[in-house]
Amino acid sequence: MLPIFYTFRRCPYAIRARLALYASGLTIELREVSLRDKPTNMLAASPKGSVPVLVLPDGCVIDESWDIMQWALHQHDPDDWLGKGDSYVEAATPLIVENDTVFKYYLDRYKYADRYPEQSKTHYRSQAEIFLKRLEDRLRATHFLLGNTMSVADVAIFPFIRQFVEVDKDWFMQAPYSSLRRWLDIFLDSERFNAVMGKHSVWHPGDPPVIMGTSKNSEFAQE
């Protein structure tokens, strides 16, 4: 029996969990879901009804992406994304909390500004930029967010920056975030990212399993 992973391809929370699972070298059964018609198996495992959800062979359920990342990398962390004694986890946590709360709040309003007419799209973007500027300052000093090698902080935050950029790529390309663009390209051009972004049909009970295999390279462990 393999761990079962419920996911939605474009969800940034699911993307970061898939990246950690793939990097860990674990083999899992991947189940792509429709957010409009969530499978009863997933809802039975995690009634909150959001992806990602990881169901382990012993029945244990992990349904927060940050927890899934840490669990996967504790099984095997070939590129030391967690850091010695989980040192990168401790350092990454404040950034990830800000990403998942304040930045995500404004990202959603920037992306779907027509649903939030209380303020302009430009206003929402300027509020999100507070976090972008903080990342840019870090990336001007070091190659990655916590130093000169990639860590769990980079992997956890990248999918949300990618989503932000896709709202208006032309604006981002001329914005004063050259270090952030360089950092983003490392992910976008990587084999791992392309591997975890493969398209799969929505899973239904009785379908043949889709297996996400192992990653044996260490291309993200850059000096």
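Anything mentioned here points back to the structure above.
Counting restarts for each chain: residues are numbered from 1 in the order of the written sequence. Local features in this predicted model are restricted to residues whose pLDDT is 70 or higher, and side-chain atom pairs enter the listing and the counts only when it is 80 or higher, whereas totals over whole chains, interfaces and linings include all residues. Side-chain descriptors were evaluated using all non-hydrogen atoms of the structure, hydrogens and water having been removed beforehand.

Q: Help me understand the packing of aromatic side chains, please; the structure alone is not making it clear to me.
A: Here the distance between the centres and the angle between the planes together describe a pair of aromatic rings. Centres within 6.5 Å are what make two rings of Phe, Tyr or Trp a pair, Trp counting through its six-membered ring; a difference in plane orientation under 30 degrees is then read as stacked, over 60 as edge-to-face, and the rest as tilted. Within this structure, the stated rule accounts for twelve aromatic pairs. Ring geometry for Phe 103 versus Phe 164: centroids 6.0 Å apart, planes at 40°, classification tilted. Remark: Phe 164 occurs in helix α6 (residues 152-167) and Phe 103 occurs in helix α4 (residues 87-111); sequence separation between them is 61 residues. Seen in terms of ring centroids, Trp 171 and Tyr 177 are 6.4 Å apart; in terms of plane orientation they differ by 55°. Their pairing is tilted. The same class applies to Trp 171 as to Tyr 177, namely buried. Grouped by ring-pair contacts, the aromatic residues Phe 103, Tyr 110, Phe 131, Phe 164, Trp 171, Phe 172 and Tyr 177 constitute a single cluster. Taking the ring centre of Tyr 116 as reference, the NZ or CZ of Arg 109 above it sits at 4.2 Å. Runs of H or I in DSSP of at least four residues are treated as helices and runs of E of at least two as strands, each being numbered from the N terminus. Remark: exposure states derive from per-residue accessible area (1.4 Å probe, protein chains only) relative to the maximum for the residue type, with buried under 20%, exposed over 50%, and partly exposed in between. Geometrically, a charge over a ring is one whose NZ (Lys) or CZ (Arg) sits within 6 Å of the ring centre while staying within 35 degrees of the ring normal.

Q: Quick question: what am I supposed to make of the layout of surface pockets here?
A: The method is simple in principle: a probe with the dimensions of a water molecule rolls over the atoms, and the space it marks as empty is what remains. Each pocket or cavity is described by its volume, and for the largest pocket that value is around 630 Å³. For the largest pocket, the lining is made up of 31 residues, of which Cys 11, Pro 12, Tyr 13, Lys 104 and Gln 163 are closest to its centre. Those elements giving two or more residues to the lining of the largest pocket turn out to be α1 (12-24), α3 (65-75), α4 and α6. Volume-wise, the second largest pocket comes out at about 170 Å³. Lining residues are defined by having an atom within 4 Å of a point belonging to a cavity or pocket. Those points lie on a 1 Å grid over the protein atoms alone, cavities being sets where a 1.4 Å probe fits but cannot get out and pockets being open sets with protein on both sides within 12 Å along at least five of seven lines. For the second largest pocket, the full set of lining residues is Arg 162, Val 165, Glu 166, Lys 169, Phe 172, Met 173, Arg 181, Leu 184, Asp 185 and Leu 188. Those elements that provide at least two residues to the lining of the second largest pocket are α6, α7 (169-174) and α8 (178-188). Broken down by element, the lining of the second largest pocket gets its largest block of residues, four residues, from α8. Any residue that is not Ala, Val, Leu, Ile, Met, Phe, Trp, Tyr, Cys, Pro, Asp, Glu, Lys or Arg is counted as polar, Gly included; the first ten are nonpolar and the last four charged. Grouping the constituent residues of the lining of the second largest pocket by class yields five nonpolar, no polar and five charged. Grid points are joined across faces, edges and corners, and a volume is the space filled by probe spheres set on the points.

Q: How should I be thinking about the environment of Tyr 22 in this particular structure?
A: Position of Tyr 22 among the secondary structure elements: in helix α1. Judged by its relative accessible area of 9%, Tyr 22 is buried. Sequence separation between Tyr 22 and Ala 195 is 173 residues; the distance between their C-alpha atoms is 8.5 Å.

Q: What's the story with the pattern of salt bridges in this structure? I'm lost.
A: Should a side-chain nitrogen of Lys or Arg be within 4 Å of a carboxyl oxygen of Asp or Glu, the pair is scored as a salt bridge. Evaluation of the coordinates by the stated rule reveals seven salt bridges. The salt bridge involving Glu 136 is made with Arg 140; its shortest N-O contact spans 3.0 Å. Residue Glu 136 and its partner Arg 140 are located together in helix α5 (residues 121-141), separated by four residues, close to a single helical turn. The closest approach of N and O atoms between Arg 162 and Glu 166, which form a salt bridge, is 3.3 Å. Pair noted here: Arg 162 and Glu 166 are both in helix α6, with a separation of four residues, about one helical turn.

Q: I tried to follow the packing of α1 against α6 on my own but got confused; where do I start?
A: Helix-helix packing is described using two parameters, namely the angle between the two axes and the distance between the axes. Axis definition: a line fitted to C-alpha atoms, limited for helices to the stretch in contact. Angles are taken between N-to-C directions and run from 0 to 180 degrees. Interhelical geometry of α1 versus α6 gives an angle of 140° and a closest axis separation of 8 Å. The handedness of the crossing between α1 and α6 comes out as right-handed. Counted together, Pro 12, Tyr 13, Ile 15, Arg 16 and Leu 19 of α1 and Val 155, Ala 156, Phe 158, Pro 159, Phe 160, Arg 162 and Gln 163 of α6 form the full contact between these two elements. Here the residues of the contact of α1 with α6 are counted per class, giving nine nonpolar, one polar and two charged. By convention the crossing between two helices is left-handed if the near helix lies anticlockwise of the far one by an angle smaller than a right angle, and right-handed if it lies clockwise. We call two residues contacting when some pair of their heavy atoms lies within 4.5 Å.

Q: What exactly am I supposed to notice about the nonpolar core here?
A: What tends to happen in soluble globular proteins is that the nonpolar side chains get buried as a cluster. Judged by nonpolar contacts, the single largest core of 60 residues is most densely connected at Phe 103, Val 152, Ile 157, Ile 161, Phe 164, Leu 180 and Trp 183. When neighbours within four sequence positions are excluded, Phe 164 is seen to be in contact with Phe 103, Leu 107, Tyr 110, Arg 125, Ala 128, Leu 132, Trp 171 and Phe 172. Nonpolar cores are built from buried Ala, Val, Leu, Ile, Met, Phe, Trp, Tyr and Cys residues. Side-chain atoms within 4.5 Å join them into one set. One finds Ile 4, Cys 11, Val 33 and Trp 203 within the second-largest nonpolar core, a separate group that totals eleven residues.

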